[in-house]
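Observations on the model geometry
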Amino acid sequence: MEHKRTYCKVCMTSCGLIAEVANDEKILKVKADPDHPITQGYSCPKGRATGQIHHLDHAITRPMMRKDGELVEVSWDEALDDIGTRLRTVIDEHGPDSVGMYFGSGLGLDSAGYSMEEAFYKALGTPPKFTPLTNDTTAKVMIAGAMAKFYGINPKTDYDNCQMVLYVGTNPMVSHAHNTGMFKPGNWLKAINKRGGEVWVIDPVRTETANFAKGHIAAYPGRDYAVLAWIVREILADGPLDPQQPVQNLDRLRALLADYGRAKAAEIAGVPEEQLQELLDAIRRHKILAIETGTGTGMSPGGNLTVWFAWLIMILTGSMNVEGGLWIHPGALFPFDQFVDHLPLLESAFTPGSHVRPDVKGILNDWPCAVLPQEIEQGYMHALFNFGGHLFRSFPDVHALEAALPKLDLLVSTEITHNELSPYCTHILPTKSTVERNEFTRWDTLNWSVNLQYAPALVKPMGERRSAWWVISQFMRRADLPVPNHVPQEHSDENDELMQASLLATARCSWEELKEKRVVEFPMDLPAAWVDRLFERNGGWELVPDELEAQWLQFRAEDEASLGKPKPLVYTSRRQRRKFNGQIGFLGEIADCLIHPDTAADHRISDGQKVRVWNKSGEIVVTAKIAPSMRPGVCSIPHGHRDANVNNLTCTHDMDPLGGMAHYSAVPISIEPA
Ligand code: SF4
């Protein structure tokens, strides 16, 4: 038995781990690495379940292909030849645009595999592309593009020095913060309080994070932007107003919010007026602050507005690119500071929509995941490649998917275990899992410091699993698609390394240094001169992007028309500590429904009872958990469960016209005892 050091690939916190491994095959136990220079002995149950994830039942270890209606194991050559032939036929008969691709998170973490996905996408001439961006949090990337003309602007809290942090629809005590990678989140929050700072939370649930907070505002889901909009107005009127970078359209913003009074904002958000004033007073006490938003708000209809107003508060108070406020990740693989004069500035943050919903704009050329079923049904899409995505637990409206997927001529999925998609696949290709390959942290800008990590494989590949880059390049070659010259023909450990090393061409350290040191941290300036230089080039923060202004006016009109009327019962989505999206169901988290005692009484529901939750899209049955921590009139339901899949309650038609995010939170529901 050997002890092997690695890092966790479940979430972007990338905690250092030590695995007990037998015979290069069996992962016996996984624990936190106390000597890891960044995460310092922290891990959570999900990371410690790395061995169980690897040894799950229903592992796929040989390529599979559908013959006479049955999925059967075949050789790699047979599977790849068949895919190549059928892909070529689809391209010749319907054009390359009839091939869709889902860049799932599974292969997104495979650095070499992901680069080959991109090569496949380009070889087809950039056909319809779907990514988790439109079923996660489109707003953050959108707002960066709209306000900074550069999607790479990624502000992060300066946790070493911050005095005030406001969390909106995010619970880092459970999720570790989507964009920050907070290991030991409780220690970070305690440290803020210990140095005299303040934590604030806006969330319909009094979350684990709210237990550290001085103030908690339980806003109605999807309307938290009303609180922030009023704060922006007050900052514009009486400060603290001190932007650190140039700004554009300050007067236009002032006019837009001039008559947005506190009473109206409080009623729209469904909270007492005094709480808005207390939050504003806290901001005025500390002058600068960081605001972190998460999926709780980003997946709701008002998500764009919430993130926009959050950034406006941080920009106007001068919190961006200053100590104690926000730092902007400069990139480790691609250092923005070294290329700042060449970073591409966007004409528009939005890209064209799909065939079936041209009215819905995209981000980064993504099409909304919500349009996939209709693209198939209306005959635009004939083949789909799913690269490590869990379609049924992440795309909206399960029933629409079930109806559309059988109509595809070719549905290829790279996967290591069977899931709900298997019955629809024409081919399943088992690629090396996260513990079966050498890997490094390609998505470095989602980490909490400027660093790169490398870890060798923990175990040898099960059965005949192969590297994803090789698998994709092979069916491309067999379909007569151009493969980049540097991509080897043969599958070998040496070629895996060659593929990965090629990705470090612009990185802050060499492949050799990364392999030797395993963790390389880089110094970071705060304030950073490159950020100011970027805002010289782009003319300053665009405070009022046209599209956001139009959306604000529309929402505001709807909100004002609803004043004085009761707010419908809605559900909000929630992460669980011992589960990650559609994964890790085996740790025992159940599909529960947090519900306030008064709301439960109104619906004759008792604790532990099975509850039927339904709306126009479908229904699920979950277990009631009476929780005084909930806002009345709101149910909190976790996502990612197979037998109580909350995507039965979502709809392919209800999506954000800016970016295409389906509405996964703040969705109206009805409930009753099951
Ligand atoms: S927080 Fe948990 S899931 Fe995320 S990297 Fe660390 S151990 Fe893994």
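Residues numbered from 1 in each chain as written. Predicted model: local features only at pLDDT ≥ 70, side-chain atom pairs only at ≥ 80, totals over all residues.

You'll find the chain entered in an unreviewed UniProt entry as 4Fe-4S Mo/W bis-MGD-type domain-containing protein, with Novosphingobium malaysiense given as the organism. On record in UniProt, under Sequence similarities (unreviewed entry), the comment for the chain is "Belongs to the prokaryotic molybdopterin-containing oxidoreductase family." (UniProt positions renumbered as here; feature names shortened; annotations may be inferred.)

A closer look at the overall build of the chain
Looking only at helices and strands, one finds 23 helices and 28 strands in the chain. Expected size for 674 residues packed as a compact globule is a radius of gyration near 26 Å; at 24 Å, the chain falls within 12% of this value. A total of 674 residues make up the chain; the buried ones form 55% of that total. Looking at the chain alone, contacts between residues at least 24 apart form 74% of all its contacts between residues at least 6 apart. (Helix = DSSP H or I, 4+ residues; strand = E, 2+ residues; numbered from the N terminus. Rg over C-alpha atoms; globule rule 2.2 N^0.38 Å. Buried ≥ 20, exposed ≤ 12 C-beta atoms within 10 Å, placed from the backbone. Contact = placed C-beta atoms within 7 Å.)

Considering the nonpolar core
Among the nonpolar cores identified, the biggest contains 119 residues, and V227, V232, F309 and I313 are the most heavily contacted of them. Considering every element that reaches this core, the biggest residue donor is helix α14 (residues 303–316), with 11 residues. Residues in contact with V232, not counting those within four places in the same chain, are L257, F309, L312, I313 and L316. (Core = buried A, V, L, I, M, F, W, Y, C linked by C-beta atoms within 7 Å.)

Considering the UniProt feature "domain: 4Fe-4S Mo/W bis-MGD-type" (unreviewed entry) in the chain
Annotation from UniProt places "domain: 4Fe-4S Mo/W bis-MGD-type" (unreviewed entry) at residues 1–58. When the span residues 1–58 is considered, its composition is 16% helix and 34% strand, and the gap between its end C-alpha atoms is 25 Å.

Describing the site of the ligand
Around the ligand, the neighbouring residues are C8, V10, C11, T13, S14, C15, S43, C44, K46, G47 and H176. Its residues placed into classes, the shell around the ligand shows 5 nonpolar, 5 polar and 1 charged. (Near = placed C-beta within 6 Å. Nonpolar A, V, L, I, M, F, W, Y, C, P; charged D, E, K, R; others polar.)

Topic: the domain arrangement of the chain
Along its sequence, the chain is carved into domain 1 (2–54), domain 2 (64–127 + 368–441 + 451–521), domain 3 (139–332 + 534–551) and domain 4 (568–673). Computed from C-alpha coordinates alone, the two centres of domain 1 and domain 3 are separated by 34 Å. Residue-level contacts link 7 residues of domain 1 with 5 residues of domain 3. A breakdown of the residues in the side of domain 1 that touches domain 3 according to their chemical character gives 4 nonpolar, 3 polar and no charged. (Domains from an automatic or database assignment.)

Quick notes on the sheet that holds strand β5 (residues 70–73)
The sheet built from 7 strands is open, its strands ordered β5-β4-β17-β16-β15-β6-β7 with mixed pairing. The strands lining the two open edges of the sheet, one partner per strand, are β5 and β7 (129–130). Two elements, strand β4 (residues 64–67) and β5, share 4 bridges in a ladder whose sense is antiparallel. Opposite R66, over in β5, you have L71 as the bridge partner. (Pairing = 2+ DSSP bridges.)

Structural notes on the pairing of strand β10 (residues 198–202)
The buried fraction of β10 amounts to 5 of the 5 residues, a majority that puts the element mostly inside the structure. Covered by surrounding structure in β10 are E198, W200 and I202 together with V199 and V201, the residues of both alternating faces. Here 5 bridges tie strand β9 (residues 164–168) to β10, and the two strands are oriented parallel to one another. For L166, the partnering residue across the bridge sits in β10 and is W200. Where β10 meets strand β11 (residues 215–217), 3 bridges bridge the pair, whose relative direction is parallel. Looking at β11, one finds that V201 is bridged to H216.

Quick notes on the pairing of β4
Consecutive side chains of a regular strand alternate in pointing toward one face of the sheet and then the other. Linkage of β4 to β5, two consecutive antiparallel strands, is achieved through a turn of 2 residues, within which D68 is found at a positive phi near 50°. Relative to strand β17 (residues 427–429), β4 runs antiparallel, the two being bridged by 2 bridges. Across the sheet, the residue bridging to M64 is I428, located in β17.

Observations regarding the packing of helix α3 (residues 76–94) against helix α18 (residues 468–478)
Direction vectors running N to C along α3 and α18 enclose 50°, while the axes themselves pass 7 Å from each other. As far as their axial angle goes, α18 and α3 are oblique. Crossing hand, α3 versus α18: right-handed. Taking contact as the criterion, the partners of L80, D81, I83, G84 and L87 in α3 are, on α18, Q474, F475 and R478. In the contact of α3 with α18, the residues fall into 4 nonpolar, 2 polar and 2 charged. (Axes fitted to C-alpha atoms, helices over the stretch in contact; angles between N-to-C directions. Parallel < 35°, antiparallel > 145°, perpendicular 65-115°, else oblique. Left-handed = near helix turned anticlockwise from the far one by under 90°.)

What to know about the sheet that holds β9
Here we have 4 strands laid out as an open sheet, ordered β11-β10-β9-β13, and parallel in their pairing. Taken across any chain shown, the strands that pair with only one partner, and hence form the sheet edges, are β11 and β13 (290–293). Pairwise comparison of adjacent strand axes, ignoring direction, gives a mean angle of 15° for this sheet. Strand contacts of helix α12 (residues 273–286): β9, β10 and β11, with the helix running at about 140° to β11, the strand carrying the most contacts.

Here we look at unusual backbone geometry
What you tend to see is this: most non-glycine residues have negative phi, and most peptide bonds are trans. Between G239 and P240 the backbone carries a cis peptide bond, its omega angle lying at 5°. Of note, the bond from L526 into P527 is cis; its omega dihedral lies within 30 degrees of zero at 0°. On the secondary structure map, P527 appears in the loop between β20 (519–521) and α21 (529–537). The backbone of N23 sits at a positive phi, close to 55°, despite the residue not being glycine. Among the secondary structure elements, N23 is positioned in the loop between β2 (16–22) and β3 (26–32). The backbone phi angle of A666 is positive, close to 60°, even though this residue is not glycine. Its place among the elements puts A666 in the loop between β26 (634–638) and β27 (667–668). Among the residues examined, A666 registers 25 C-beta atoms within 10 Å and is labelled buried.

Re the environment of S300
Position of S300 among the secondary structure elements: in the loop between α13 (295–298) and α14. In this structure the C-alpha to C-alpha distance between S300 and E415, which are 115 residues apart in sequence, comes to 30 Å. Ignoring sequence-local partners within four residues, the contact set of S300 consists of P221, G222, H663, S665 and A666.

Quick word on the packing of helix α9 (residues 225–238) against helix α11 (residues 262–269)
For any two helices packed against each other, one specifies the inter-axial angle together with the distance between the axes. Taken N-terminus to C-terminus, the directions of α9 and α11 make an angle of 160°; their axes are 8 Å apart at the nearest point. Relative to α11, the element α9 is oriented roughly antiparallel. Two packed elements cross with a definite hand, and for α9 against α11 that hand is left-handed. Every residue of α11 that contacts α9 at A226, V227, A229 and W230 is listed here: R262, A265, I268 and A269. Of the residues belonging to the contact of α9 with α11, the class tally is 7 nonpolar, no polar and 1 charged.

Here's the deal with helix α6 (residues 138–148)
Burial analysis of α6 places 11 of its 11 residues in the buried class, which makes it a mostly covered element. In this structure, the buried side of α6 is in contact with α13, α14, β21 (541–542) and α22 (546–561). Two residues or fewer after α6 comes K149, characterised by a positive phi angle close to 60°.

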